[in-house]
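# Structural overview for review
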Amino acid sequence: AIIHLAGKAHDLKKVSNPQDYYEANFELTKKLFDVFLASESTVFIFMSTVKAVADDVKGILSEDEIPKPKTHYGIAKHQAEEYILSKEIPSGKRVYILRPCMIHGPGNKGNLNLLYQLVSKGLPWPLGAFENERSFLSIENLCYVIQKLLENEAIHSGVYNVADDEALSTNELIKILGESIGRTAKIVKLSPKVIRSIAKIGDFMPMLLNSERLQKLTESYVVSNQKIVQAIGKPLPTSSEQGLRLTFKSFRK
């Protein structure tokens, strides 16, 4: 089997050339998939992303959504998906395109670390007035899905969203974080209008909060995992809360 995880996702320092995304996420995938088609390997798993479909979600994102990616990252991943889907799959081979939402686990980087630093220092969470729901994906559930795809030849080739069974609000996430480190999380409901004004200042000055980070921390992004769960025939083994507690526990080491 070939499990294709290589790619370019984050450009936190804003220094990447847009072409880098297409070389890493599209051209490399084309080459590797062509090798797979000509090889004796029987399973190809491509790690795409929900961002290949949508940056913003109204309602619940399913595999039936018409892709409208907006970033170079999402567009390049979508192009790779289209290339894979355009090819005829030889008899005896299986091909899976996985679209995970935000993956977390030990060694996690990004906004979960920022939230951990905030709560562990006893600082209040100032965005409590924002109502949202978002899906997460624990590394335990992702590995479980990959294992089942490798083992079960009855699971049909195709595109599958991958997410934990439950979505959580950021406020719920903060509470779980506090409980996991033995602290009572302080959630403050400041005016969203004031917060957005502060975030705009952060767009031009080095601050913890800017408009992009505010959107990621407060937006709703719910992903349906029903297609992959039905294909496997049972719920995913790790709940959102269990997975997040494992991730937060790893931050303490």
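First, a word on scope: everything that follows refers to the structure included in this document. (Residues numbered from 1 in each chain as written. Predicted model: local features only at pLDDT ≥ 70, side-chain atom pairs only at ≥ 80, totals over all residues. Heavy atoms only, no water.)

## Some details on the overall build of the chain
Within the chain, the secondary structure is distributed over nine helices and nine strands. The buried share of the chain, taken over its 253 residues, is 46%. For the chain, contacts bridging at least 24 residues in sequence account for 81% of all contacts bridging at least 6. Summed over all atoms, the accessible surface of the chain reaches about 13,400 Å², with 54% contributed by carbon and sulfur. (Helix = DSSP H or I, 4+ residues; strand = E, 2+ residues; numbered from the N terminus. Buried < 20%, exposed > 50% of the residue type's maximum accessible area, 1.4 Å probe, protein only. Contact = heavy atoms within 4.5 Å. Areas by Shrake-Rupley, 256 points an atom, 1.4 Å probe, with all protein chains shown as cover.)

## Some details on the nonpolar core
Judged by nonpolar contacts, the single largest core of 27 residues is most densely connected at Leu61, Leu98, Val145 and Leu149. Every element with two or more residues in this core is listed here: β2 (43-47), β4 (94-100), α4 (139-151), β7 (158-162) and α8 (226-232). By residue number, the principal contributor to this core is α4, which donates five residues. Those residues in contact with Leu149 that lie beyond four places of it in its chain are Ile45, Arg94, Tyr96, Leu98, Ile155 and Ile228. Formed by 23 residues, the second largest nonpolar core is a distinct cluster that contains Leu127, Ile174, Leu217 and Leu244. (Core = buried A, V, L, I, M, F, W, Y, C linked by side-chain atoms within 4.5 Å.)

## Thoughts on the pairing of β4
Most of β4 is tucked away, with seven of its seven residues classed as buried. The alternating pattern of β4 places Arg94, Tyr96, Leu98 and Pro100 and Val95, Ile97 and Arg99 on opposite faces, both of which are buried. In terms of strand pairing, β2 meets β4 through five bridges, oriented parallel. Directly across from Ile45, in β4, lies its bridge partner Tyr96. Across five bridges, β4 lies against β7 in parallel orientation. Bridge pairing in β7 places Leu98 opposite Tyr160. (Pairing = 2+ DSSP bridges.)

## Description of the side chain of Asn25
By the element assignment, Asn25 lies in helix α1 (residues 18-38). Setting aside anything within four residues of it in sequence, one finds Asn25 in contact with Gly7, Lys8, Phe46, Tyr73, Ala76, Lys77 and Ala80.

## Describing the packing of helix α5 (residues 170-180) against helix α9 (residues 240-251)
Closest axis-to-axis distance for the α5/α9 pair is 10 Å, and the angle between their directions is 50 degrees. Judged on the interaxial angle alone, α9 and α5 are oblique. Seen from above, α5 lies across α9 with right-handed handedness. Across the interface between the two elements, Leu173, Ile176, Leu177, Glu179 and Ser180 from α5 touch Glu241, Leu244, Arg245 and Phe248 from α9. (Axes fitted to C-alpha atoms, helices over the stretch in contact; angles between N-to-C directions. Parallel < 35°, antiparallel > 145°, perpendicular 65-115°, else oblique. Left-handed = near helix turned anticlockwise from the far one by under 90°.)

## Overview of the pairing of β2
Most of β2 is tucked away, with five of its five residues classed as buried. The alternating pattern of β2 places Val43, Ile45 and Met47 on one face and Phe44 and Phe46 on the opposite face, and all of these are buried. As paired elements, strand β1 (residues 2-4) and β2 share three bridges and run parallel to each other. Along β2, the bridge assignment pairs His4 with Phe46.

## A few points about the sheet that holds β1
The strand order across the open sheet built from four strands is β1-β2-β4-β7, with neighbouring strands paired in parallel fashion. One side of each edge strand has no neighbouring strand; the edge strands of this open sheet are β1 and β7. Ignoring strand direction, the axes of neighbouring strands in this sheet form an average angle of 20 degrees. Each of β1, β2 and β4 is contacted by α1, which is oriented at about 175 degrees to β2, the strand it contacts most. Across the sheet, helix α2 (residues 72-86) is in contact with β2, β4 and β7; its angle to β2 comes to roughly 160 degrees.

## What about empty space enclosed by the protein?
Scanning the entire structure with this criterion turns up one cavity of 30 Å³ or more. Lining of the largest cavity is provided by Val119, Gly122, Leu123, Arg183, Thr184, Ala185 and Lys186. Class assignment for the residues of the lining of the largest cavity results in three nonpolar, two polar and two charged. (1 Å grid on protein atoms, 1.4 Å probe; cavity = no way out; pocket = protein on both sides within 12 Å on 5 of 7 lines; lining within 4 Å. Points joined across faces, edges and corners; volume = space filled by probe spheres on them. Nonpolar A, V, L, I, M, F, W, Y, C, P; charged D, E, K, R; others polar.)

## Looking at the layout of surface pockets
It is the rolling of a water-molecule-sized probe over the atoms that shows where space remains empty. Here the largest pocket is characterised by a volume of approximately 1,900 Å³. Taken together, 50 residues form the lining of the largest pocket, with Ala9, His10, Tyr73, Met102 and Lys216 sitting closest to its centre. Element by element, the count of residues in the lining of the largest pocket is highest for helix α7 (residues 211-218), at five residues. Of the residues assigned to the lining of the largest pocket, the class counts are 23 nonpolar, 14 polar and 13 charged.

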